[in-house]
Amino acid sequence: MLPDLERLIQLQDIERRAAAAARIVAEAPGALAALATTLATAKAGVESAKAAIADNQVTRRALDRDVQTAQQRLDKYKDQTMAVKTNDEFHAMQHQMAAVKADIDRLEGSILEVMMTADALQERLAGAESTLKAQTAAVAAQQAIVSAERDANAAIASACAAERAALVAQMTPSVVATFDKVARQRAGVGVARAEQERCVVCQVRLRPMVYSAVKRNDSITQCDSCQRILYFIPPTPAS
Ligand SMILES: [Zn+2]
């Protein structure tokens, strides 16, 4: 086989490995960002539960103050009742006291609801905190894996670049240029095997002259259809 052809096959293998490594390196930032988002969401869950608890406590303090105020008003009415002189005044006072008592009942009902909400919120916080703890550990483990894969593949990519440089130095520059041009246009694949009178990559039938040239493996022959440089691997004789 023409040395350039043999090296083209090796070059294609290097390019394939380099592209796979580059893809993993390129995907790493997105994967790391997604992990950071997962963690941020878990943190936000804890923060929102804490904020809801703080709101609940504010509501509770306000209700307590309202009950206290109503209670003071009730005490004042009781004192005033002692001093009333007429039946009408007495009934008016009784009426006002009943209204304040109803207020206190209503406020105490609200306090009970707020206390039940407080219990539910504590449960929500505990759940959010345990989710955060689990996510923190899982995300750290995933980040380590993604970072390690990224670094390993960055190393593979540079090893491939060195391999390519060494190989290309031994090749005819115009052949390398043809390969690079076709590979750029054809999803990174610049060479193709020919078999049974066809280019195996694009499946187009080769002209007999082209196929017989390819079978000799002694020239740089491109597929008429996809332009890939063709090579031929003779069938292994049955032993
Ligand atoms: Zn082809």
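None of the values given here were measured: they were computed from a predicted structure.

Colleague: I'd love a proper account of the environment of Ser-48, names of residues and values included.
Modeller: Structurally, Ser-48 is set in helix H1 (residues 3-83). Between the C-alpha atom of Ser-48 and that of Ala-128, which follows or precedes it by 80 residues, the distance is 9.2 Å. A polar atom in the side chain of Ser-48 sits 2.7 Å from the side chain of Arg-124.

Colleague: Can you explain the pattern of salt bridges? Please cite residues and give values.
Modeller: As enumerated under the stated definition, the model contains 13 salt bridges in all. Residue Asp-13 is joined to Arg-17 by a salt bridge in which the shortest nitrogen-to-oxygen separation is 3.2 Å. Here Asp-13 and its partner Arg-17 are both found in helix H1, four residues apart, which amounts to about one turn of the helix. Residue classification places Asp-13 among the partly exposed residues on the basis of a relative accessible area of 31%. In this structure, Asp-103 and Arg-106 form a salt bridge, with 3.5 Å as the shortest nitrogen-oxygen distance. Note that Asp-103 and Arg-106 are positioned in helix H2 (residues 87-168) at a spacing of three residues, about one turn of the helix. Asp-103 gets classed as partly exposed once you look at its relative accessible area, which sits at 27%. A single salt-bridge network, built from bridges that share partners, covers Asp-13, Arg-16, Arg-17 and Glu-163.

Colleague: Please give an account of the side chain of Thr-221 that cites residues and values.
Modeller: Its location among the elements puts Thr-221 in strand E3 (residues 221-222). Within the structure, the side chain of Thr-221 is placed 2.9 Å from the side chain of Ser-219, a separation counted as a polar contact. Here Thr-221 is in contact with Val-210, Ala-213, Val-214, Arg-228, Ile-229 and Leu-230, once residues within four sequence places are set aside.

Cut-off values and rules
- Every chain is numbered on its own, with residues counted from 1 as its sequence reads.
- Confidence filtering applies because this is a predicted model: local features only for residues at pLDDT of at least 70, side-chain atom pairs given and counted only at 80 or more, and all residues used for totals across whole chains, interfaces and linings.
- Side-chain calculation: all heavy atoms of the structure are included, whereas hydrogens and water are not.
- Secondary structure counts use DSSP, requiring at least four H or I residues in a row for a helix and at least two E residues in a row for a strand, with both numbered from the N terminus.
- As used in this structure description, the phrase polar contact means that two N or O atoms lie within 3.5 Å; if the pair is within protein, one of them must be able to donate a hydrogen and the other to accept it, and residues adjacent in sequence are counted only when both atoms belong to side chains.
- By salt bridge we mean one thing: a side-chain nitrogen of Lys or Arg within 4 Å of a carboxyl oxygen of Asp or Glu.
- Each residue is assigned to one of three classes by its accessible area relative to the maximum for its type, calculated with a 1.4 Å probe on protein chains only: buried under 20%, partly exposed between the two thresholds, exposed over 50%.
- We call two residues in contact when some of their heavy atoms are within 4.5 Å.

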